[in-house]
Amino acid sequence: MSRTRTTLALAAATAAGALCLAPLSATAAPLPLAGSTTVTPAGHAFKATLSGKATLKAGSVTVTCTVSVSTGTVPAAPGNNNPAGPVSSPISPPTYSSCTSSIPGVTPTVTTSGAWTVSMQNGSPITATMKVPTGGLVVHTTGLAVCTVTAAPSGPANVNGTWTNGAPPSLTFTNASVPVTVTGGFGCPTSATASTFNAVYKVTDTTNPAQQITVGP
């Protein structure tokens, strides 16, 4: 083995953060390319309505909401197809109401703002990514604990979920991690830097209610 090849191998291993014990002739497998994604019907408007309840947990505090809605539009053709990746749609900031806190005597209010998007990537499962803009969701509590929880405080954040085709299709978030900052006094989880989000949304085609929004290759 030449000194040059040995030096290159050690340099590559150091850059990767670990020594590679594989033979020098071995090469790393390339990352798989994202598959084709098509969302139909192209150009149709849709509405996502919460099914059951949505929870946002930061530290020991859980906020539960039973009403949440967002709307959006599937991109018009050919933008509803991506031969090598996800299809993204702008959505309205989801509204949240009828919310309660896990702390007795504390009332939460959830406000949302900014440019939100949802992206679909065909696969098994079909993955969905909801992008929260910087500071795009704020929970403010009043009562025995006055706290402010700000999601995506330092920049846009991706909330990962899954999409299931059906009649109607569903968008599910299970223990999805969301970066947060928490400010406030006694009873506020000010040390929390992340929260977990759980929710299931049923999605309806509002352009033609007889059709279903579908994600495929």
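Residues numbered from 1 in each chain as written. Predicted model: local features only at pLDDT ≥ 70, side-chain atom pairs only at ≥ 80, totals over all residues. Heavy atoms only, no water.

## Details of the pairing of strand E10 (residues 126-132)
Then comes step 1: Here E10 shows a buried face lined by Ile126, Ala128, Met130 and Val132 and an unburied face lined by Thr127, Thr129 and Lys131.
Then comes step 2: As defined by bridge partners, strand E9 (residues 116-121) adjoins E10 across five bridges and the pair is classed as antiparallel. Following the sheet pairing, methionine 120 is matched in E10 by alanine 128.
Then comes step 3: Connecting the antiparallel pair E9 and E10 is a turn made up of four residues.
Then comes step 4: Taken together, the seven bridges between E10 and strand E13 (residues 157-164) define a ladder with antiparallel strand orientation. From the neighbouring strand, isoleucine 126 faces E13, where its bridge partner is tryptophan 163. (Buried < 20%, exposed > 50% of the residue type's maximum accessible area, 1.4 Å probe, protein only. Helix = DSSP H or I, 4+ residues; strand = E, 2+ residues; numbered from the N terminus. Pairing = 2+ DSSP bridges.)

## Digging into the sheet that holds strand E16 (residues 214-216)
Then comes step 1: With antiparallel pairing, the three strands of this open sheet are ordered in space as E5-E1-E16. Unpaired on one side and paired on the other, strand E5 (81-82) and E16 mark the two borders of the sheet.
Then comes step 2: As paired strands, strand E1 (residues 37-40) and E16 are joined by three bridges and run antiparallel to one another. Within E16, the position partnered with threonine 38 by the bridge is glycine 216.

## A short note on the state of the cysteines
Then comes step 1: Tallied over the entire structure, the rule returns two disulfides.
Then comes step 2: At a sulfur-sulfur separation of 2.0 Å, the disulfide partner of cysteine 65 is cysteine 99. Between cysteine 65 and cysteine 99 the disulfide shows an S-S torsion of about 105°. By sign, it is right-handed. Here the residue cysteine 65 occupies a position in strand E4 (residues 61-73), and cysteine 99 occupies one in strand E7 (residues 95-101), the gap between them amounting to 34 residues. As far as burial versus exposure is concerned, cysteine 65 and cysteine 99 are alike and both buried.
Then comes step 3: With a sulfur-sulfur separation of 2.0 Å, cysteine 147 is cross-linked through a disulfide to cysteine 188. On the sign convention where negative is left-handed, the bridge of cysteine 147 and cysteine 188, at about -90° about the S-S bond, is left-handed. Of the two residues, cysteine 147 is situated in strand E12 (residues 147-151) and cysteine 188 in the loop between strand E14 (170-184) and strand E15 (194-205); the sequence distance between them amounts to 41 residues.
Then comes step 4: On the basis of relative accessible area, cysteine 147 is assigned to the buried category, the value being 6%.
Then comes step 5: You can call cysteine 188 buried: its relative accessible area is 10%.
Then comes step 6: When the bonded cysteines of the protein are numbered from the N-terminus onward, they pair as 1-2, 3-4. (Disulfide = S-S within 2.5 Å.)

## Considering the side chain of serine 195
Then comes step 1: Relative to the assigned elements, serine 195 resides in strand E15.
Then comes step 2: Look at serine 195 and you get buried, because its relative accessible area is 2%.
Then comes step 3: Apart from residues lying up to four places away in sequence, serine 195 is in contact with Leu56, Lys57, Ala58, Ala176, Ser177, Val178 and Val180. (Contact = heavy atoms within 4.5 Å.)

## Remarks on the nonpolar core
In a soluble, globular protein the nonpolar side chains are often hidden away together inside.
Then comes step 1: In terms of nonpolar packing, the biggest core is built from 47 residues, with Tyr96, Phe197 and Tyr201 touching the most fellow members.
Then comes step 2: If you tally residues by element for this core, the top one is E14, at six residues. (Core = buried A, V, L, I, M, F, W, Y, C linked by side-chain atoms within 4.5 Å.)

## Observations concerning the packing of aromatic side chains
Two measures describe an aromatic ring pair: the distance that separates the ring centres and the angle between the ring planes.
Then comes step 1: A complete count under the given rule lists one aromatic pair for this structure.
Then comes step 2: Ring geometry for phenylalanine 173 versus phenylalanine 197: centroids 5.6 Å apart, planes at 50°, classification tilted. Here phenylalanine 173, found in strand E14, pairs with phenylalanine 197, found in strand E15; they are 24 residues apart in sequence, far enough to count as distant. Just as phenylalanine 173 is buried, phenylalanine 197 falls in that class too. (Phe/Tyr/Trp six-rings, centres within 6.5 Å; stacked < 30°, edge-to-face > 60°.)

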